[in-house]
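This is what each chain is made of:
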Amino acid sequence: MTRKASLERKTKETDIKVELKIDGNGKYDVKTGIPFLDHMFSLFSRHGLFDLRLRAKGDTEVDYHHTVEDIGIILGDTIKKALGDKRGIKRYGEASIPMDETLAMVSLDISGRPYLIYNVKLPRKVKLKDFDPGLVEDFFRALVNHAGITLHINLFYGRDAHHILEAIFKAFGRALDQATMIDPRNKGVPSTKGRL
């Protein structure tokens, strides 16, 4: 069984296409129009071993918010579609990632119940070139709402905003990889309810 999905989302503000293969090799081809975001999704793909092709055009002349949030929406929908009935998955995943002076942890549950805890204190009034790192929380909120994932992102410490977000995206990739793995001992859905 190949777990993959392709989706498109087109609005008056954005035009986004995503192809995702859960059981991939970490190959990525990402062009969002926001270089810092391209870097983050490349890290997510490589460290989660997902094959990801992402194309996004948005009204970035206004700001980056619509593009970032809409990528979260469509990536969440794509993850959900690629997982299908979730039969045999491990369901839970967790990863702690150091990035120089930074340590971040991501824990998640592919539960069907969207919830985000985002305990990340960023340096005040910092931008990464022209990218507002505060938009990352909006991305993850949109993603969990559409993927049906409970996601806890905790920053233990860190000084550099780039390092903080890099550790988070790497940890998210690894935690999602762990949670989406098939456990051969589990013949059904990993829930006493019989569905997720």
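## Regarding the overall build of the protein chain
Then comes step 1: In terms of helices and strands, the protein chain carries 4 helices and 8 strands.
Then comes step 2: N-terminal to C-terminal, the α/β element order of the protein chain is β-β-β-α-β-α-β-β-β-α-β-α.
Then comes step 3: For 196 residues, the compact-globule formula gives about 16 Å, and the C-alpha radius of gyration of the protein chain, at 16 Å, lands near that figure.
Then comes step 4: Expressed as lengths along the three principal axes of its C-alpha atoms, the size of the protein chain is roughly 50 × 40 × 30 Å.
Then comes step 5: By residue count, 52% of the 196 residues in the protein chain fall in the buried class.
Then comes step 6: Taking the intrachain contacts of the protein chain between residues at least 6 apart in sequence as the baseline, contacts between residues at least 24 apart amount to 76%.
Then comes step 7: Carbon and sulfur atoms form 48% of the exposed surface of the protein chain, whose accessible area is close to 9900 Å².
Then comes step 8: Across the protein chain, the mean location of the 33 positive side-chain charges is 6 Å away from that of the 27 negative side-chain charges.

## Some points on the pattern of salt bridges
Between side chains of opposite charge, pairing is possible as soon as their charged atoms come close.
Then comes step 1: One pass over the full model with this rule turns up 12 salt bridges.
Then comes step 2: Note that Asp 29 is salt-bridged to Lys 31, the shortest N-O span being 3.3 Å.
Then comes step 3: Two residues, Asp 29 and Arg 53, come together in a salt bridge whose shortest N-O distance is 3.6 Å. Taken together, the residues Asp 29 in strand S3 (residues 28-31) and Arg 53 in strand S4 (residues 51-58) connect sequence positions 24 residues apart.

## Remarks on the side chain of Asp 51
Then comes step 1: Mapped onto the elements of the fold, Asp 51 is located in strand S4.
Then comes step 2: Among buried Asp, Glu, Lys and Arg side chains, Asp 51 stands out as unpaired, with Lys 21 the closest opposite charge at 4.5 Å.
Then comes step 3: A distance of 3.2 Å separates a polar side-chain atom of Asp 51 from the backbone nitrogen of Gly 26.
Then comes step 4: A polar contact is formed between the side chain of Asp 51 and the backbone nitrogen of Lys 27, at a distance of 3.0 Å.
Then comes step 5: Setting aside residues up to four positions removed in sequence, Asp 51 forms contacts with Glu 19, Leu 20, Lys 21, Gly 24, Asn 25, Gly 26, Lys 27 and Ser 45.

## Thoughts on the sheet that holds strand S1 (residues 4-10)
Then comes step 1: Pairing is mixed across the open sheet formed by 4 strands, whose spatial order is S1-S2-S4-S3. Two strands bound the open sheet, and with one partner strand each, they are S1 and S3. Along the sheet, successive strands turn relative to each other by an average axial angle of 5°, direction set aside.
Then comes step 2: Strand direction decides the pairing type here: strand S2 (residues 14-21) and S4, joined by 8 bridges, are antiparallel. Its bridge partner being in S4, Val 18 is matched across the sheet by Leu 54.
Then comes step 3: The sheet contacts of helix H1 (residues 35-48) involve S3 and S4, and relative to S3 the element is tilted by about 160°.
Then comes step 4: Relative to the sheet, helix H2 (residues 65-83) contacts S1, S2 and S4, its axis offset from that of S1 by approximately 150°.

Criteria and thresholds
- Residues numbered from 1 in each chain as written.
- Predicted model: local features only at pLDDT ≥ 70, side-chain atom pairs only at ≥ 80, totals over all residues.
- Heavy atoms only, no water.
- Helix = DSSP H or I, 4+ residues; strand = E, 2+ residues; numbered from the N terminus.
- Rg over C-alpha atoms; globule rule 2.2 N^0.38 Å.
- Buried < 20%, exposed > 50% of the residue type's maximum accessible area, 1.4 Å probe, protein only.
- Contact = heavy atoms within 4.5 Å.
- Areas by Shrake-Rupley, 256 points an atom, 1.4 Å probe, with all protein chains shown as cover.
- Lys, Arg positive; Asp, Glu negative; His and termini not counted.
- Charge placed at Lys NZ, Arg CZ, Asp CG, Glu CD.
- Salt bridge = Lys/Arg side-chain N within 4 Å of Asp/Glu carboxyl O.
- Polar contact = N/O pair within 3.5 Å; in protein donor to acceptor, adjacent residues only side chain to side chain.
- Pairing = 2+ DSSP bridges.
- Axes fitted to C-alpha atoms, helices over the stretch in contact; angles between N-to-C directions.

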